[in-house]
Amino acid sequence: ISYTVTNSCGTAAATKVVTVNPLPNAGSITGASSVCVNSTITLSATGGATGGAWSSRNATATVLGGVVTGVTAGTDTINYVVTNVCGTVTATHTIIVNPLPYAGSINGASSVCVGSSITLTDGITGGVWSSSNVAATISSTGVVTGVNAGTAIIRYAVTNVCGTDTATQTVTLNVAPAV
C-alpha cells in the first residue's frame, strides 16, 4: 500500500506491505450417505483447504480422517472444519446409519405329528420362513406341517441393506401311533 504526496519540490511516498489472508474454505464433503452398524465408508473433503478436522455431531457414527464407522442406528452429521486467521467454516454431510438385521427368536412347539400342523411365531416382522428338509413344510405365516418322520430345522430370515440374520428352531416330526 502506497501513500504519495506531490508538491512543487517533488514527490514522496510511504509504503506498507499488507498480507491479505484468504477466507477459510472447507469445500464440500463427498461420498456415500449411509453406512451399516460396524461397517465403514470413506468420505472426502473436496474443493477446500486440506488439513481440516473431521468430527461427528453425535455418537451414531465416528469419523477419523474421513473414514466413517457406523456405531448405532440413526442419523448423524459429519463435519469437516477448516480454521485460519480469518475464521472458521464447516462443511457438513448427513449420514444414515442402518441397523444390522435381527431375526429375533422362534416361538412355538418343537414337535409335530406327521399329517398335523403347528404354528410358529417370531416377534420380528418381515421375515421369510423356510424348512431344511421336505419332511416338514412351512407356510409364509409360520404353519409347519409334518410330512415324514424325522427332524427339520425351521428358519426365519430377516434381511435388510446390511445383510441377513436367521433364527432357527429344530422341529421333530413324529409318526402318529397306529390303532
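The structure this text deals with has already been given above.
Residues numbered from 1 in each chain as written. Predicted model: local features only at pLDDT ≥ 70, side-chain atom pairs only at ≥ 80, totals over all residues. Heavy atoms only, no water.

Focus on the overall build of the protein
Right, on to step 1. Along the protein, the regular secondary structure elements total 0 helices and 20 strands.
Right, on to step 2. Against the compact-globule benchmark of 16 Å for 179 residues, the protein has a radius of gyration of 33 Å, which places it well outside the compact range.
Right, on to step 3. Counting the 179 residues in the protein, one finds 27% classified as buried.
Right, on to step 4. Considering only contacts in the protein between residues 6 or more positions apart, those separated by 24 or more positions represent 50%.
Right, on to step 5. Of the accessible surface of the protein, which amounts to about 10300 Å², a share of 56% is contributed by carbon and sulfur atoms. (Helix = DSSP H or I, 4+ residues; strand = E, 2+ residues; numbered from the N terminus. Rg over C-alpha atoms; globule rule 2.2 N^0.38 Å. Buried < 20%, exposed > 50% of the residue type's maximum accessible area, 1.4 Å probe, protein only. Contact = heavy atoms within 4.5 Å. Areas by Shrake-Rupley, 256 points an atom, 1.4 Å probe, with all protein chains shown as cover.)

Describing the environment of Lys-16
Right, on to step 1. Within the secondary structure, Lys-16 sits in the loop between β2 (10-15) and β3 (28-30).
Right, on to step 2. Put simply, Lys-16 and Trp-129 are 113 residues apart on the chain and 81 Å apart in space, counted from C-alpha to C-alpha.

Remarks on the state of the cysteines
Simply put, disulfide is the name for a covalent bond between the sulfur atoms of two cysteines.
Right, on to step 1. Applying the stated criterion to the full structure yields 1 disulfide.
Right, on to step 2. Here Cys-36 is linked by a disulfide to Cys-162, with a sulfur-sulfur distance of 2.1 Å. Taking the sign of the S-S torsion, about -100° here, the bridge from Cys-36 to Cys-162 comes out left-handed. On the criterion of sequence distance, the pair formed by Cys-36 in strand β4 (residues 34-36) and Cys-162 in the loop between β19 (150-160) and β20 (163-174) is long-range, its members being 126 residues apart. (Disulfide = S-S within 2.5 Å.)

Side note on unusual backbone geometry
Right, on to step 1. Positive phi outside glycine occurs at Asn-38, with the angle close to 70°.
Right, on to step 2. When its relative accessible area of 61% is taken as the criterion, Asn-38 is described as exposed.

Re a nonpolar patch on the surface
Right, on to step 1. Side chains of Ile-1, Val-18 and Val-20 sit close together on the surface and give an oily, nonpolar patch of about 360 Å² of accessible area.
Right, on to step 2. Here Val-20 lies in the loop between β2 and β3.
Right, on to step 3. Overall, Val-20 belongs to the exposed group, its relative accessible area being 74%. (Patch = residues over 30% accessible without salt bridge, like charges linked within 9 Å, V, L, I, M, F, W, Y side chains within 5 Å. Salt bridge = Lys/Arg side-chain N within 4 Å of Asp/Glu carboxyl O.)

Thoughts on the side chain of Thr-60
Right, on to step 1. Along the chain, Thr-60 falls in the loop between β7 (53-56) and β8 (61-64).
Right, on to step 2. There is a polar contact of 2.8 Å between the side chain of Thr-60 and the side chain of Asn-58.
Right, on to step 3. Apart from residues no more than four positions distant in its own chain, Thr-60 is found in contact with Thr-69, Gly-70, Val-71, Thr-72, Ala-73, Gly-74, Thr-75, Asp-76 and Val-97. (Polar contact = N/O pair within 3.5 Å; in protein donor to acceptor, adjacent residues only side chain to side chain.)

Some details on the pairing of strand β10 (residues 74-84)
Right, on to step 1. Sheet topology note: the β7/β10 ladder contains 4 bridges and is antiparallel. The residue of β10 that forms the bridge with Trp-54 is Tyr-80.
Right, on to step 2. Bridge count for β10 against strand β11 (residues 87-98) is 11 bridges, and the pairing is antiparallel. Each residue of the ladder has a partner; that of Thr-75, found in β11, is Ile-96. (Pairing = 2+ DSSP bridges.)

Notes on the nonpolar core
Right, on to step 1. Leu-120, Trp-129, Val-144, Ile-154, Val-171 and Leu-173 are the most contacted members of the largest nonpolar core, which has 17 residues in total.
Right, on to step 2. Listed by contribution, the elements that provide at least two residues to this core are β17 (136-138), β19 and β20.
Right, on to step 3. If one sorts the elements of this core by residue count, β19 sits on top with 4 residues.
Right, on to step 4. If we skip the residues at most four places from it in the chain, Ile-154 touches Ile-106, Leu-120, Trp-129, Ser-130, Ser-131, Ile-138, Val-144, Ala-167, Thr-168, Gln-169 and Val-171. (Core = buried A, V, L, I, M, F, W, Y, C linked by side-chain atoms within 4.5 Å.)

Let's talk about the sheet that holds β17
Right, on to step 1. Pairing is antiparallel across the open sheet formed by 3 strands, whose spatial order is β14-β18-β17. Each edge of the sheet is formed by a strand with only one pairing partner; in this case those strands are β14 (117-119) and β17. Sheet twist, expressed as the mean angle between neighbouring strand axes with direction ignored, is 20°.
Right, on to step 2. Taken together, the 3 bridges between β17 and strand β18 (residues 143-146) define a ladder with antiparallel strand orientation. Counterpart to Thr-137 in the pairing with β18 is Thr-145. (Axes fitted to C-alpha atoms, helices over the stretch in contact; angles between N-to-C directions.)

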